[in-house]
Amino acid sequence: MTITKNLEDIKSKLPESVQLVAVSKTKPVEDLEEAYAAGQRVFGENKVQELEQKFNQLPKDIKWHMIGHLQTNKVKYIAPFVHLIHAVDSIKLLKTINKEAAKNNRTINCLLQFHIAEEQSKFGLTLEEAKELLQSDEYASFQNINIIGVMGMATFTDNTTQVSNEFKNLKNIFKELKNGFFNQKNDFKEISMGMSDDYPIAIQQGSTMVRVGSHIFGRRNYI
Ligand SMILES: *Cc1c(COP(=O)(O)O)cnc(C)c1O
């Protein structure tokens, strides 16, 4: 029953307006079933194959979020059912998502991922790159994607001031994009930030969606 208790504990700390994505990567289906029985309906995974397998085994009213880096050649496997893709960081990926969404007669919700941490990473856009993407004719032609916000990961550090500043930066990026590109669009409203160790700080800085794994399901043996 630990999972149920952990979920209750985290939910008691979240404002109503903040969505909890239960990050279940590497965890067995039984663990997700316990969370489901406790009322959790939004789950996050970071590997396409695992996401697909769990989708097939679990109730169909679950909203599945793909939170990890996504390769273009794997989009087709999740396009029929994925609810939100968090880590979009190139026009090439967006183009593929658009194409696969169209094949499935759906619109797929996406978040643009930003590189806000000090740590080196191959993933995530800069504000300039995002603006370029959003101004492009190619982007304007996409009919089957819906960008509903931004996502980012803070540096893995005990320095809470730094983490707080990085989240603040993401919130500012969100505001700038909202004003510049999504002014008329009410559904551009999500700021996906905050994990097990930093979600309280993320909430202070305006997170609307936290992605919590180990504080719900316990530590993972691998990433
Ligand atoms: C694994 C993962 C999480 C959850 O991490 P925890 O520290 O276990 O809460 C959140 N976001 C992303 C992108 C992840 O890969």
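Peer 1: So what about the overall build of the protein chain? Which residues, and what values?
Peer 2: Regarding its fold elements, the protein chain presents 10 helices and 8 strands. For 223 residues, the compact-globule formula gives about 17 Å, and the C-alpha radius of gyration of the protein chain, at 17 Å, lands near that figure. For the protein chain, the proportion of its 223 residues judged to be buried stands at 52%. When the accessible surface of the protein chain is split by element, carbon and sulfur atoms take 46% of a total near 11,300 Å². Averaging the locations of the 28 positively and 27 negatively charged side chains of the protein chain gives two centres separated by 3 Å.

Peer 1: Account for the environment of Gly124, naming residues and giving values.
Peer 2: Relative to the helices and strands, Gly124 is located in the loop between β5 (108-114) and α6 (127-135). Once the C-alpha coordinates of Gly124 and Ala38 are considered, the two residues, 86 residues apart in sequence, prove to be 34 Å apart. Filtering out sequence-adjacent residues up to four positions away, Gly124 remains in contact with Asp89, Gln113, Phe114, His115 and Glu129.

Peer 1: I'd love a proper account of the site of the ligand, names of residues and values included.
Peer 2: Taken together, Val23, Lys25, Ile67, Met151, Met153, Met195, Ser196, Arg211, Val212, Gly213, Ser214 and Arg220 are the residues near the ligand. Within the contact set of the ligand, an oxygen atom lies 2.5 Å away from a side-chain nitrogen or oxygen of Ser196. Within the side chain of Arg211, an N or O atom sits 2.9 Å from a nitrogen atom of the ligand. Protein chains bury 90% of the 390 Å² of accessible surface belonging to the ligand in isolation.

Peer 1: Help me get a handle on the environment of Leu58, residues and values and all.
Peer 2: Along the chain, Leu58 falls in the loop between α3 (48-57) and β3 (63-66). On the basis of relative accessible area, Leu58 is assigned to the buried category, the value being 4%. Through-space distance from the C-alpha of Leu58 to that of Gly213 is 18 Å; in sequence the pair is 155 residues apart. In this structure Leu58 touches Val29, Leu32, Glu33 and Trp64, once residues within four positions along its chain are discounted.

Peer 1: Break down the packing of aromatic side chains for me, with residues and values.
Peer 2: If you walk through the whole model with that rule in mind, you get 5 aromatic pairs. Between Phe43 and Trp64, the aromatic rings sit 5.8 Å apart at their centres with planes inclined by 35 degrees, giving tilted as the arrangement. Linking Phe43 in strand β2 (residues 42-45) with Trp64 in strand β3, this pair joins segments that are 21 residues apart in sequence. Since its relative accessible area comes to 0%, Phe43 is described here as buried. For Trp64, a relative accessible area of 1% gives the class buried. Put simply, the rings of Phe174, Phe182 and Phe188 pair up and form one aromatic cluster. Sitting above the plane of the Tyr36 ring, Arg41 keeps its charged end 3.5 Å from the centroid. Over the aromatic face of Phe55 sits the side chain of Lys60, whose NZ or CZ is 4.7 Å from the ring centroid.

Peer 1: Account for unusual backbone geometry, naming residues and giving values.
Peer 2: The residue Thr26 is not glycine, and still its phi comes out positive at about 70 degrees. Tracing the chain through its elements places Thr26 in the loop between β1 (19-23) and α2 (29-37). A positive phi angle, near 55 degrees, is found at Asn105, a position not held by glycine. Take Asn105: it is sitting in the loop between α5 (91-103) and β5.

Peer 1: Pulling in residues and values, what's your account of the pairing of strand β8 (residues 209-212)?
Peer 2: Each regular strand shows side chains that alternate between the opposite faces of the sheet. Of the two faces of β8, the one holding Met209 and Arg211 and the one holding Val210 and Val212 are both buried throughout. Pairing of β1 with β8 involves 4 bridges; the strand directions are parallel. Its bridge partner lying in β8, Ala22 is registered against Val212.

Peer 1: Account for the packing of α6 against helix α8 (residues 160-181), naming residues and giving values.
Peer 2: Packing of α6 against α8 brings their axes to within 11 Å, and their N-to-C directions diverge by 25 degrees. By the angle class used here, α6 and α8 are roughly parallel. The chirality of how α6 crosses α8 is right-handed. In this structure, α6 contributes Leu127, Lys131, Leu134 and Gln135 to the contact, and α8 contributes Ile173, Glu176, Leu177 and Phe181.

Thresholds, definitions, all that
Residues numbered from 1 in each chain as written. Predicted model: local features only at pLDDT ≥ 70, side-chain atom pairs only at ≥ 80, totals over all residues. Heavy atoms only, no water. Helix = DSSP H or I, 4+ residues; strand = E, 2+ residues; numbered from the N terminus. Rg over C-alpha atoms; globule rule 2.2 N^0.38 Å. Buried < 20%, exposed > 50% of the residue type's maximum accessible area, 1.4 Å probe, protein only. Areas by Shrake-Rupley, 256 points an atom, 1.4 Å probe, with all protein chains shown as cover. Lys, Arg positive; Asp, Glu negative; His and termini not counted. Charge placed at Lys NZ, Arg CZ, Asp CG, Glu CD. Contact = heavy atoms within 4.5 Å. Near = heavy atom within 4 Å. Polar contact = N/O pair within 3.5 Å; in protein donor to acceptor, adjacent residues only side chain to side chain. Phe/Tyr/Trp six-rings, centres within 6.5 Å; stacked < 30°, edge-to-face > 60°. Lys NZ or Arg CZ within 6 Å of the ring centre and 35° of its normal. Pairing = 2+ DSSP bridges. Axes fitted to C-alpha atoms, helices over the stretch in contact; angles between N-to-C directions. Parallel < 35°, antiparallel > 145°, perpendicular 65-115°, else oblique. Left-handed = near helix turned anticlockwise from the far one by under 90°.

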